[in-house]
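The lines below spell out each chain.
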Amino acid sequence: ARGYQTLRAVTNRAVGPAAFAALANEALGEAREGDISLVYFSSHGLLTPQEGRMNFALLTSDGRREALLDSRAIYEALRDIKGTKVLILDACFSGAAIHKGDESLAVSSLFTGKDFKVLTSAGAREPSFLWTDPLGNLRGGSYFAQALVAGIGAPGGFAADINRDGTVTLAELLRHQRLYYGASSPQLYPEGDSLPLLV
């Protein structure tokens, strides 16, 4: 009923800070106040030392070259985009981006405030696993993405719409992911957020 107007996908590319800033501007630069911009990352995640503390970074690759895209680069590319920015970080250690999953980490989250909503597939110290077929062969993708598709897709009966009111909120999606994705502990900032992700 309320879909996303424009979709832009980038796969198998080494996307560093400058390339991501250009992509964000291309895809979301015309957003207005009241718009919701959804950014989904599925990649390898790392904890990297930066300025005496640990920082979350995505490792992107085209199969030959690699690039790091850390929390600050993601934030800086998106901060001036108008409206609400919803990030889904499907990567190992992604909870570190919002300082969830290990309170002993000296990770300062840039994504606080009303403009950002962040759902992660794992806590700050947890891996987030790729999926395998019944024979144990690695097939790519992720368990988190499989649960996500079941939760917000027609084939899964929109299972994340727990109260069956036709709206999947971020809080409902977090609850669904925690129930149906057992490989790690999905996290959300802000916890309990009622923003409609899918109507």
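All residue numbers refer to position in the chain's written sequence, counted from 1. For a predicted model such as this one, the threshold for reporting local features is a pLDDT of at least 70, and the threshold for listing and counting side-chain atom pairs is 80 or more; totals across whole chains, interfaces and linings nevertheless cover every residue. Based on all heavy atoms of the structure, the side-chain values leave hydrogens and waters out of the count.

### Here we look at the overall build of the protein chain
Thought 1: Helix and strand labels come from DSSP, where a helix needs a run of H or I of at least four residues and a strand needs a run of E of at least two; each type is numbered from the N terminus. Assigned secondary structure in the protein chain consists of 4 helices and 11 strands.
Thought 2: Burial classes follow relative accessibility: with a 1.4 Å probe on protein chains only, a residue under 20% of its type's maximum area counts as buried, one over 50% as exposed, and anything between as partly exposed. In the protein chain, which comprises 199 residues, the share counted as buried stands at 44%.
Thought 3: Contact between two residues is taken to exist if any of their heavy atoms lie within 4.5 Å; hydrogens are not considered. Partitioning the contacts of the protein chain with sequence separation of at least 6, the portion at a separation of at least 24 is 65%.
Thought 4: Here the protein chain has roughly 10500 Å² of accessible surface; of this, 52% comes from carbon and sulfur atoms. Accessibility throughout is a Shrake-Rupley quantity obtained with a 1.4 Å probe, and a residue counts as covered only by protein chains that appear here.

### Quick look at helix H4 (residues 170–180)
Thought 1: Buried residues of H4: Leu170, Glu172, Leu173, Leu174, His176 and Gln177, and no others.
Thought 2: Where H4 is buried, its residues touch strand E5 (84–90), strand E6 (116–120), helix H3 (143–152), strand E9 (168–169), strand E10 (187–189) and strand E11 (196–198).

### Observations concerning the nonpolar core
Thought 1: We call a set of buried residues a nonpolar core when its members are Ala, Val, Leu, Ile, Met, Phe, Trp, Tyr or Cys and they connect through side-chain atoms within 4.5 Å of each other. Judged by nonpolar contacts, the single largest core of 27 residues is most densely connected at Phe20, Phe41, Ile74, Leu78, Leu87 and Phe111.
Thought 2: Of all the elements in the fold, those that place two or more residues in this core are helix H1 (17–28), strand E1 (36–42), strand E3 (53–61), helix H2 (71–78), E5 and E6.
Thought 3: By size, the runner-up hydrophobic cluster in this structure holds 16 residues, among which are Val86, Leu119, Val168 and Leu188.

### So, the pattern of salt bridges
Thought 1: Here, a salt bridge means any Lys or Arg side-chain nitrogen found within 4 Å of an Asp or Glu carboxyl oxygen. The full count for this structure, using the stated rule, is 8 salt bridges.
Thought 2: In this structure, the salt-bridge partner of Arg178 is Glu191, at a minimum N-O distance of 3.5 Å. A residue pair is termed long-range when its members are at least 10 positions apart, and Arg178 in helix H4 and Glu191 in the loop between E10 and E11 qualify at 13 residues.
Thought 3: Judged by relative accessible area, which is 40%, Arg178 ranks as partly exposed.
Thought 4: Taken together, the shared-partner salt bridges connect Lys85, Lys114 and Asp115 into one network.

### Focus: unusual backbone geometry
Among all residues except glycine, the phi angle is most often negative; among peptide bonds, the trans geometry is most common.
Thought 1: Omega for the bond connecting Tyr189 with Pro190 falls within 30 degrees of zero, at -10°, which places this linkage in the cis form.
Thought 2: For Pro190, the position within the fold is in the loop between E10 and E11.
Thought 3: Positive phi is not limited to glycine here, since His99 has a value of about 55°.
Thought 4: Along the chain, His99 falls in the loop between E5 and E6.
Thought 5: In this structure, Phe158 is a non-glycine residue whose phi angle is positive, near 50°.

### Regarding H2
Thought 1: Taken residue by residue, H2 has Ser71, Ala73, Ile74, Ala77 and Leu78 as its buried positions.
Thought 2: Pairing of N or O atoms within 3.5 Å defines a polar contact, subject to two protein rules: one partner must be a possible hydrogen donor and the other a possible acceptor, and residues neighboring in sequence count only if both atoms are side-chain atoms. Of the residues flanking the start of H2, the one acting as N-cap is Asp70, its side-chain oxygen 3.2 Å from the backbone nitrogen of Arg72.

### What about the packing of H3 against H4?
Thought 1: Running from N to C, H3 and H4 cross one another at 130°; their axes reach a closest spacing of 10 Å. Relative to H4, the element H3 lies oblique. Crossing of H3 against H4: the hand is right-handed. The segment H3 lies against H4, with Phe144, Ala147, Leu148, Ala150, Gly151 and Ile152 engaging Leu173, His176, Gln177 and Tyr180.
Thought 2: The residue makeup of the contact of H3 with H4, split by class, is 7 nonpolar, 3 polar and no charged. Here an axis means a line fitted to C-alpha atoms, over the contact stretch when the element is a helix, while the angle between two N-to-C directions is reported on a 0 to 180 degree scale. Orientation labels follow simple angle bins: below 35 degrees gives roughly parallel, above 145 gives roughly antiparallel, 65 to 115 gives roughly perpendicular, and whatever is left gives oblique. Left-handed is the label given to a crossing in which the near helix is rotated counterclockwise from the far helix by less than a right angle, and right-handed is the label when the rotation is clockwise. When residues are sorted by character, Ala, Val, Leu, Ile, Met, Phe, Trp, Tyr, Cys and Pro go into the nonpolar class, Asp, Glu, Lys and Arg into the charged class, and all the rest, Gly among them, into the polar class.

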